[in-house]
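An overview of the molecular structure
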Amino acid sequence: MSSTHLTPAKPDAVAPLMRGITVLRRLTEAGGTSSLSGLEKTTGLARSTVDRIAATLARMGYVRLDGRDAVLAPRLMELGNAYLAALRLPRLLDGRADALADELDESVSLAVRDRDGIRFIHQATRRRAMSLSFRIGDPLPAERTAPGPLFATEWTPEDWARWRERRSADPEDRGFPAVPPREHPVGDEEFEKRTREAGAQGWALDDQLIEPGLVALSMPVREHGGRIACVVSVVSHTSRHTADSLRDTLLPRLRATVRAMERDLREAPDRPPAAPAGLATWTGASKQELGREFIESLARGLTVITAFGEGRAELTLTEVAQATGLARATARRALITLEHLGYVAAHGRAFTLTPRVLALGFPPLSRTTLPQIAAPHLAELADRLHDSASLAVLTGDEIQYTARVATSRIMSVNITVGTRLPAYATSLGRVMLADLAPAERHLPELRALTPHTVTDPALLAATLDRVREAGYALVDGELEEGLRSIAVPVRDRTGRVVAAVNVAMHSSRRTVAQCVGEVLPELRETVGRIEADLRVAGRFTRVPVA
Ligand code: PHB
């Protein structure tokens with residue numbers, strides 16, 4: 001949408017915060033990765049400025065520097081999470097949207113109004129090859145969607161004026177990179193007519209307004225007072241439905257879901273305000289420790305966003321200052337800057353976050369997988385220990401490698417991503433089997449792969465009990481002679497084991513005692529970092545484990 005660095009500065013606005021946000025926006029639009037010289041071009045900032053901003057964001061854990069590239073890091077999602085938590089709608093409604101998608105076997109999404117556009121806050125996507133699918137945080141022009149005319153029934157004359165202005169300034173929708181550029185101009189009357197119809201009917205259709213083949217049917221979910229909280233859409237393809245058949249066959253079921261959602265909103269108890277979830281880790285450190293490259297005013301400004309959350313949707317300046325530990329004058333200037341850029345709205349003395357906060361990294365990061373989260377942490381671990389580190393998941397009675405950083409080849413078979421091995425004879429497999437109830441452990445016939453392999457089922461069960469107790473597994477020469485490996489489980493936010501990480505080495509490199517004394521603490525620290533990222537990334541999205 002509008003390019004933030006061209007917005008004229010406002011007295012009292014914090015220039016470094018504006019520039020930092022510009023860098024985050026350009027990185028988001030680039031899909032999450034850009035070279036530093038590329039950022040210099042797309043932001044128009046001096047290279048030394050880009051470098052200092054990137055260093056600051058890296059110190060906050062919001063980007064990762066990978067050679068010459070800056071890469072958005074999962075922790076950045078704590079900004080969008082603050083908005084989604086404050087909004088409450090995802091926590092209250094995602095489950096119903098997912099259930100409708102399962103029932104219909106079609107994609108279902110939730111969108112909120114974002115000025116004269118819409119922005120997705122949830123996507124229950126069916127895997128289909130036919131059409132593009134949108135991500136949480138993607139903005140779309142209202143007039144090319146089914147939710148748009150529903151939201152427009154609540155527009156003020158100023159909203160309509162802003163919409164016309166945007167359309168004449170950007171007739172091809174270039175400001176909305178998630179949609180293909182518009183090829184044929186369509187007059188304003190068309191959307192005005194669709195908005196009148198939407199108001200009369202209570203639903204709206206998208207008959208291939210975004211791209212050929214894509215059809216959608218939408219209905220508003222209203223708050224107690226009658227205002228639209230969000231819009232639910234069922235999205236299909238002309239190979240399965242025309243727009244009209246979508247309405248004729250699915251409207252009753254969509255309507256039933258909307259009724260249930262409105263009941264959920266009415267009946268949801270107010271939760272006591274949670275403590276601010278993600279106050280940045282840098283805040284305790286001294287400027288000296290953080291270094292000359294660290295731009296404190298940028299870090300402070302972004303921290304203001306994390307003061308919001310569940311039960312903390314509307315905060316006064318005093319409350320923001322209290323939550324962040326910032327001086328009032330500092331918090332005030334950050335809020336003014338964020339309001340000027342459209343990330344915060346002021347209502348009298350209270351401030352709220354706007355959906356635009358999702359433009360700070362959410363669309364690309366909402367597609368992050370566990371192997372992508374783990375990869376940089378595995379690389380660091382392998383680098384520190386000079387041994388191979390891997391991530392794997394359990395599939396039936398086998399483990400499957402999903403990420404790996406190899407330092408040297410120690411096994412006779414070459415292990416790559418995708419390699420499967422018997423779970424019972426590997427450290428990775430044992431920590432994952434140990435988390436299952438005995439009846440859920442699918443074990444094949446236990447074959448001796450070396451003279452040391454545990455093949456007695458009772459002995460293996462006792463071993464798994466010990467592994468569960470200890471929180472790690474060490475396997476010594478049972479899969480292959482001379483191979484020693486140690487693994488710990490990776491747990492999601494609910495505590496369930498979803499994967500495992502190991503370090504493997506030739507048995508001549510370290511004794512068993514050294515493995516436990518030296519490698520295990522490092523391994524645990526690495527898994528702690530992976531789990532912390534997974535908690536942030538998995539708060540409002542489902543993170544695929546493979
Ligand atoms: C979507 O969720 O992908 C979607 C929703 C409404 C539209 C188009 C796409 O009009």
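Residues numbered from 1 in each chain as written. Predicted model: local features only at pLDDT ≥ 70, side-chain atom pairs only at ≥ 80, totals over all residues. Heavy atoms only, no water.

1. Quick word on helix α16 (residues 427–434)
The condition is simple: Here's how the labels work: a residue is buried when its accessible area is under 20% of the maximum for its type, exposed when over 50%, partly exposed in between, all with a 1.4 Å probe on protein chains only. Where helices and strands are cited, they refer to DSSP runs of H or I of at least four residues and of E of at least two residues respectively, numbered from the N terminus.
Extensive coverage of α16 is indicated by the burial of eight of its eight residues. All buried positions along α16 are accounted for by Ser427, Leu428, Gly429, Arg430, Val431, Met432, Leu433 and Ala434.

2. Points about the nonpolar core
So the rule is basically this: Only buried residues count toward a nonpolar core, which is a set of Ala, Val, Leu, Ile, Met, Phe, Trp, Tyr and Cys residues joined through side-chain atoms within 4.5 Å. Throughout, a contact is declared for two residues whenever any of their heavy atoms are within 4.5 Å.
Within the largest apolar cluster, 119 residues are counted, with the highest numbers of intra-cluster contacts made by Leu57, Leu93, Leu302, Ile305, Leu391 and Val490. Here this core takes nine residues from helix α18 (residues 512–537), the largest share from any one element. The contacts of Leu57, once residues within four sequence positions are left out, are Val23, Leu24, Tyr62, Val63, Leu298 and Leu302. One finds Met411, Ile415, Tyr424 and Val467 within the second-largest nonpolar core, a separate group that totals 26 residues.

3. Notes on the environment of Asp114
As for its placement among the helices and strands, Asp114 is situated in strand β4 (residues 107–114). For Asp114 and Pro90, which are 24 residues apart along the polypeptide, the C-alpha to C-alpha distance reads 16 Å.

4. Quick word on empty space enclosed by the protein
Put simply, the rule is: Cavities and pockets are defined on a 1 Å grid built over the protein atoms alone: a cavity is a set of grid points where a 1.4 Å probe fits but cannot escape, while a pocket is an open set with protein on both sides within 12 Å along at least five of seven lines, and lining residues are those with an atom within 4 Å of any such point. Grid points are joined across faces, edges and corners, and a volume is the space filled by probe spheres set on the points. Residues are grouped as follows: Ala, Val, Leu, Ile, Met, Phe, Trp, Tyr, Cys and Pro are nonpolar; Asp, Glu, Lys and Arg are charged; every other residue, Gly included, is polar.
In total, this model carries two cavities of 30 Å³ or more according to the counting rule given. Each pocket or cavity is described by its volume, and for the largest cavity that value is around 130 Å³. For the largest cavity, the lining is made up of 19 residues, of which Tyr401, Leu479, Leu483, Ser485 and Asn502 are closest to its centre. Of all the secondary structure elements, the ones that give two or more residues to the lining of the largest cavity are β14 (398–405), α16, β17 (483–491) and β18 (497–506). Residues of the lining of the largest cavity, tallied by class, amount to eleven nonpolar, five polar and three charged. In this structure, the second largest cavity occupies an estimated 30 Å³ of space. Looking at the second largest cavity, the residues that line it are Asp387, Ser388, Thr407, Ser408, Ile410, Ala504, Met505, His506 and Arg509. In terms of residue count, β18 provides more of the lining of the second largest cavity than any other element does, three residues in total. Looking at the lining of the second largest cavity residue by residue, the class counts come to three nonpolar, four polar and two charged.

5. Things to note about the packing of aromatic side chains
Using the following cut-off: Put simply, two rings from Phe, Tyr or Trp (the six-membered ring, in Trp's case) pair if the centres are within 6.5 Å, and we call them stacked under 30 degrees between planes, edge-to-face over 60, tilted for the rest.
For the structure on display, the rule yields seven aromatic pairs. Judged by centre distance (4.8 Å) and plane angle (65°), the ring pair of Trp155 and Trp160 falls under edge-to-face. We note that Trp155, like Trp160, is buried. Where Trp163 meets Phe191, the ring centres are 5.1 Å apart and the plane angle is 40°; that geometry is what we call tilted. Here Trp163, found in helix α7 (residues 157–169), pairs with Phe191, found in helix α8 (residues 188–201); they are 28 residues apart in sequence, far enough to count as distant.

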